Amino acid sequence: MGGRSSTASGKTTVDVAITGVTGAGKSSLVNALRDLSDFDDKSAETDVIEGTKEPTAYPHPNFPDVIIWDLPGIGTPDFKAKVYLESVNYSQYDFFIIVASDRFTVYDTQLSRAVQQMKKPFYFVWSKMDIAITNEKLNPDFNEEATLQKIRKYCLDNLVEAGIASPLSQVYLVSSLYREKYDFHLLQRILEDEIEALRRRLLRPAVPPDSEKKRDDESAKLSKGSWIHFIIFQKIFKIDLAKLRDALLQRNLDEVSEEIRQELDKLQNVKLDIAITGVSGAGKSSLVNALRGMTDYEEGAAEVGITQTTMECHAYPHPLFPKVTLWDLPGIGTPEFKPKDYLEKVCFSQYDFFMIVTSERFTENDVLLAHEIMKMKKKFYFVRSKMDVSIAAESRKPDFSMDKSVEKIRKYCCDHLTKIGESNPRVFLISRRDLNMFDFPDLQEALENDLDDLKRQALILALPVFSRRILEKKKAAMEALIWKFALVSCALGAVPVPGLSAVCDLGLLVGGLILFYKVFGLDEESLRRVAKVVGKDYQVLKSAIKKSPMSSKITPKLVGSLLTRSLFYATLSVIEVALYFVPVLGSLAGGVSSFVTVFFMLKSFLKDIVEDADNVRAKAAEP
């Protein structure tokens, strides 16, 4: 600020400060007000990481005695809220524009109250309206006029709650990318009128600008099986029998059977609580829905919106595995959830592990959350969301490189986590719109590795099939259960199957096959959900299922017919192999032939269902 001169008669410049939370689009607004793109010479630097490190002066294009100041964002580790006003010399400016883009926060309250206390004028600008409208269009009930009114009312209500007098004429909705839409031209015209008044009041009589740019008087304009298979099965069979043999080394068959039954029960009943936390507006609720394989607007989905929607801790059970619960926590830093009260209000200590979600900049609230989790000696993952939006912004640069942009964002996050004492920071960059891009598969793998065995299994079973990698993990998880299902079905509660020599628990097998369907997302409910997510007709996805019957057709009668076909594999040679590996199988209620028959039935069924799941995945990915 020291570069500005003054005379005995008063100021020689009018100083307009563009302030607000980091990442809200302040620098882009500076450029828009100066009739520049973000990449013109002498434009304010914009970036997907924190770019503005000090107050930077830019001349107004029409008024040489007016300076537009691009201030650093409030709430970062470098510009903490409690010292921000002093750090940026807040009292030295004549007029303020406070910029927000996702949620109204305690920082917006602090900045607007400080201006009002100084008895200076300000505008409140809600930016990135193009992104907000694009996201809202996914809502089946979308209405652009109603959406704009909703955002405007949200801003006004929060300003009134903050104690700001007469905020009605102070709120503007803008898109720096599409300046012809929304309130930008109105903001530009009103601001220049305000500047004229300030110049008359604060400066000596000034000569009018040499050339008057024609002003746009528009106000808010709203837009709009074979033998080879038998040999392969034999090899796989020996591997599974070896696992069974190892299990029987120290215990008898009845004990192992009972233990396996309990394990299968636990697998479907183990509780897993995942907390999704972070600043308000970062995309936490959308991430909850993505992890549950749901769209943002179907029944039972976590509510998403362009204004604050999560006002309390919401538990969202997985639609098919209800013991896996994702907790959508309210965003930290809003007037309702101030940082000093947040941890207690959301019962922070009760969760198994955490995802801290951010979408723009690393903030002091992210530091607070990470420190608290580290104190509890629990694990957390730092999720940088909305990568599609960031990359779209970066791609407008003339020297854009996808790899360099991604690495820049990753390094920015890692560097900040290292500064706060996280020696091995785990940062995952994701896009809600395409979970197969960026780091979502790596995030899933990290979660698996950090959970105990049962919770790891529960997580794998619950994840949506969005990639071949996930498909293979699910296949491996179910293969590990097949010999257990076969053993238990032939040991406890086994009864003769009509028309077959096999003796087994048909009810248990029906439940097992239905579980396969749910795990691979081929049940009717999951197919309809995927159809909504990818915008395709349910029948189109259903047509990709070639080998497996629909889940509603899984009955004891069908299981009996499948067992009949698998009798082919229950040959004398296979039975001899089974008895060689595990002699005690001969004491099963159903006998070793029943075990072999059930084993191969499940193995064959899994092979078919994996193939169908891959076909559905490919069909869903088609343009």
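Keep in mind the model is a prediction, meaning the values are calculated, not measured. (Residues numbered from 1 in each chain as written. Predicted model: local features only at pLDDT ≥ 70, side-chain atom pairs only at ≥ 80, totals over all residues. Heavy atoms only, no water.)

1. Remarks on the overall build of the chain
So the rule is basically this: Note on conventions: DSSP H or I runs of at least 4 residues are helices, E runs of at least 2 residues are strands, and numbering of each starts at the N terminus. Surface accessibility follows the Shrake-Rupley procedure with a 1.4 Å probe radius. Residue values consider only the protein chains on display as shielding.
Tallying secondary structure elements over the chain gives 22 helices and 16 strands in all. Of the accessible surface of the chain, which amounts to about 27300 Å², a share of 53% is contributed by carbon and sulfur atoms.

2. So, the sheet that holds strand β6 (residues 95-100)
As a reminder of what qualifies: We treat two strands as partners when DSSP finds at least two bridges between them. With axes taken as lines fitted to C-alpha atoms, and helix axes fitted only over the stretch in contact, angles between N-to-C directions fall between 0 and 180 degrees. Note on contacts: a residue pair is in contact if any heavy atoms of the two residues lie within 4.5 Å.
In space, the six strands of this open sheet follow the order β4-β5-β3-β6-β7-β8, with mixed pairing throughout. Lying at the two open borders of the sheet, with one neighbouring strand each, are β4 (56-59) and β8 (171-173). In this sheet, neighbouring strand axes are inclined to one another by 25° on average, regardless of whether the strands run parallel or antiparallel. As defined by bridge partners, strand β7 (residues 122-126) adjoins β8 across three bridges and the pair is classed as parallel. Note that in β8 the partner of W126 across the bridge is L173. Sitting on the sheet, helix α3 (residues 106-117) is in contact with β3 (14-20), β6 and β7, with an inclination near 170° to β6. Here helix α5 (residues 144-161) sits on the sheet and contacts β7 and β8; the angle it forms with β8, its principal contact strand, is near 150°.

3. Observations regarding the environment of G300
Heads up, the condition is: Each residue is assigned to one of three classes by its accessible area relative to the maximum for its type, calculated with a 1.4 Å probe on protein chains only: buried under 20%, partly exposed between the two thresholds, exposed over 50%.
Within the fold, G300 resides in the loop between α9 (284-291) and β10 (314-317). Take G300: its relative accessible area is 43%, and that puts it in the partly exposed class. In the structure, G300 is positioned 16 residues away from Y316 in sequence and 8.1 Å away in space, judged by C-alpha atoms. Dropping the residues within four chain positions of it, G300 is found in contact with R292, M294 and Y316.

4. Remarks on the sheet that holds strand β9 (residues 272-278)
Strand pairing in a sheet takes place through backbone hydrogen bonds and is either antiparallel or parallel in direction. The six strands lie next to each other as β10-β11-β9-β12-β13-β14, forming an open sheet whose pairing is mixed. At either end of the open sheet lies a strand with only one pairing partner, and these are β10 and β14 (427-429). Across the sheet, the mean angle from the axis of one strand to that of its neighbour is 25°, orientation sign disregarded. The sheet contact formed by strand β12 (residues 353-358) and strand β13 (residues 380-384) spans five bridges and is parallel. From the neighbouring strand, I356 faces β13, where its bridge partner is F382.

5. A word on the nonpolar core
Heads up, the condition is: Among the buried residues, those of types Ala, Val, Leu, Ile, Met, Phe, Trp, Tyr and Cys that are joined through side-chain atoms within 4.5 Å form a nonpolar core.
Core analysis: the largest hydrophobic core is formed by 66 residues, its most contacted members being I18, L29, I97, F124 and W126. In contact with W126, not counting residues within four places along its chain, are A100, S101, D102, R103, F104, I151, Y154, C155, Y172, L173, V174 and I306. V279, A290, I420 and L435 belong to the second-largest nonpolar core, a separate cluster that totals 55 residues.

6. As for the pattern of salt bridges
Formally: Salt bridges are defined by distance alone: a side-chain nitrogen of Lys or Arg within 4 Å of a carboxyl oxygen of Asp or Glu.
Evaluated as defined, the whole model comprises 17 salt bridges. K386 serves as the salt-bridge partner of D102, at 3.4 Å between the closest nitrogen and oxygen. For K386, a relative accessible area of 23% gives the class partly exposed. R410 is the partner of D439 in a salt bridge, and the nearest nitrogen-oxygen pair spans 2.7 Å. Separated by 29 residues along the polypeptide, D439 in the loop between β14 and α14 (440-449) and R410 in helix α13 (residues 402-419) bring together distant segments of the chain. We classify R410 as partly exposed; its relative accessible area is 22%. Connected through shared salt-bridge partners, D65, E196 and R199 make up one network.

7. Side note on helix α12 (residues 387-394)
Our working definition: The directions from the helix axis to the C-beta atoms are what the arc is built from.
Three or more residues of α12 are buried, namely M387, S390, I391 and E394. When α12 is viewed along its axis, its buried side chains cluster within an angular range of 95° and face the same direction. Among the structural elements, β13, α13 and β14 are those in contact with the buried residues of α12.

8. Section: the packing of aromatic side chains
How we decide: A pair of aromatic rings is counted whenever rings of Phe, Tyr or Trp (Trp by its six-membered ring) have centres within 6.5 Å, and the orientation is called stacked for planes under 30 degrees apart, edge-to-face for over 60 and tilted otherwise.
Taken as a whole and judged by the stated rule, the model has 17 aromatic pairs. Here F95 and Y123 contribute two aromatic rings whose centre-to-centre distance is 4.8 Å and whose plane-to-plane angle is 80°, an arrangement assigned as edge-to-face. Taken as a pair, F95 in strand β6 and Y123 in strand β7 lie far apart in primary sequence, 28 residues in all. The exposure class of Y123 is buried, given its relative accessible area of 4%. Their ring planes at 35° and their centres at 6.1 Å tell us that F516 and F605 sit as a pair that is tilted. In this pair, F516 sits in helix α17 (residues 506-519) while F605 sits in helix α22 (residues 591-621), placing the two residues 89 residues apart along the sequence.

9. As for the packing of helix α1 (residues 26-33) against helix α6 (residues 184-202)
Working note: a packed helix pair is described by the angle between its axes plus the distance between those axes. Here is the rule: The labels follow the angle: roughly parallel below 35 degrees, roughly antiparallel above 145, roughly perpendicular from 65 to 115, and oblique for the rest. Left-handed is the label given to a crossing in which the near helix is rotated counterclockwise from the far helix by less than a right angle, and right-handed is the label when the rotation is clockwise.
Packing of α1 against α6 brings their axes to within 11 Å, and their N-to-C directions diverge by 70°. Considered as vectors, α1 and α6 are oriented roughly perpendicular to each other. Both α1 and α6 take part in a crossing whose hand is right-handed. Within the contact between the two elements, α1 uses L29, A32 and L33 and α6 uses F184, L187, Q188 and L191.

10. Some thoughts on helix α11 (residues 364-375)
Because each turn of an α-helix spans 3.6 residues, side chains separated by three or four positions in sequence point in the same direction. Note the following rule: Take the number of residues in a helix, subtract one, and multiply by 1.5 Å to get its expected span.
In a regular helix each residue adds 1.5 Å, so 12 residues correspond to 16 Å; α11 covers 17 Å between its end C-alpha atoms and thus fits that length. Those residues of α11 lying buried are N365, D366, V367, L369, A370, E372 and I373. For α11, the secondary structure elements touched by its buried residues are α3, β9, α10 (339-345), β12 and β13. Where α11 ends, the next residue or the one after it, K377, has phi of about 60°, a positive value.

11. Focus: unusual backbone geometry
At K42, a residue that is not glycine, the phi angle is positive and equals roughly 70°. Along the polypeptide, K42 turns up in the loop between α1 and β4. The exposed category is assigned to K42, whose relative accessible area is 72%.

12. Thoughts on the environment of W483
Considering the arrangement of structural elements, one finds W483 in helix α16 (residues 468-491). By relative accessible area, which is 6% here, W483 ends up buried.

13. Structural notes on a nonpolar patch on the surface
Operational definition: Within this analysis, patches are made of residues with over 30% relative accessible area and no salt bridge. Like charges are joined at 9 Å or less; nonpolar side chains (Val, Leu, Ile, Met, Phe, Trp, Tyr) at 5 Å or less.
Judged by side-chain polarity, F400, M402 and M437 come together as a nonpolar surface patch covering roughly 220 Å² of accessible area. The topology assignment puts F400 in the loop between α12 and α13.

14. A closer look at the packing of α12 against α13
Going by this rule: All amino acids are sorted into three groups, where Ala, Val, Leu, Ile, Met, Phe, Trp, Tyr, Cys and Pro are nonpolar, Asp, Glu, Lys and Arg are charged, and the leftover types, Gly among them, are polar.
For the pair α12 and α13, interaxial distance at closest approach is 10 Å and the crossing angle is 125°. Relative to α13, the element α12 lies oblique. Remark: the crossing between α12 and α13 carries right-handed chirality. Contacts between α12 and α13 involve M387, S390, I391 and E394 from the former and M402, S405, V406, K408 and I409 from the latter. Looking at the contact of α12 with α13 residue by residue, the classes come out as five nonpolar, two polar and two charged.

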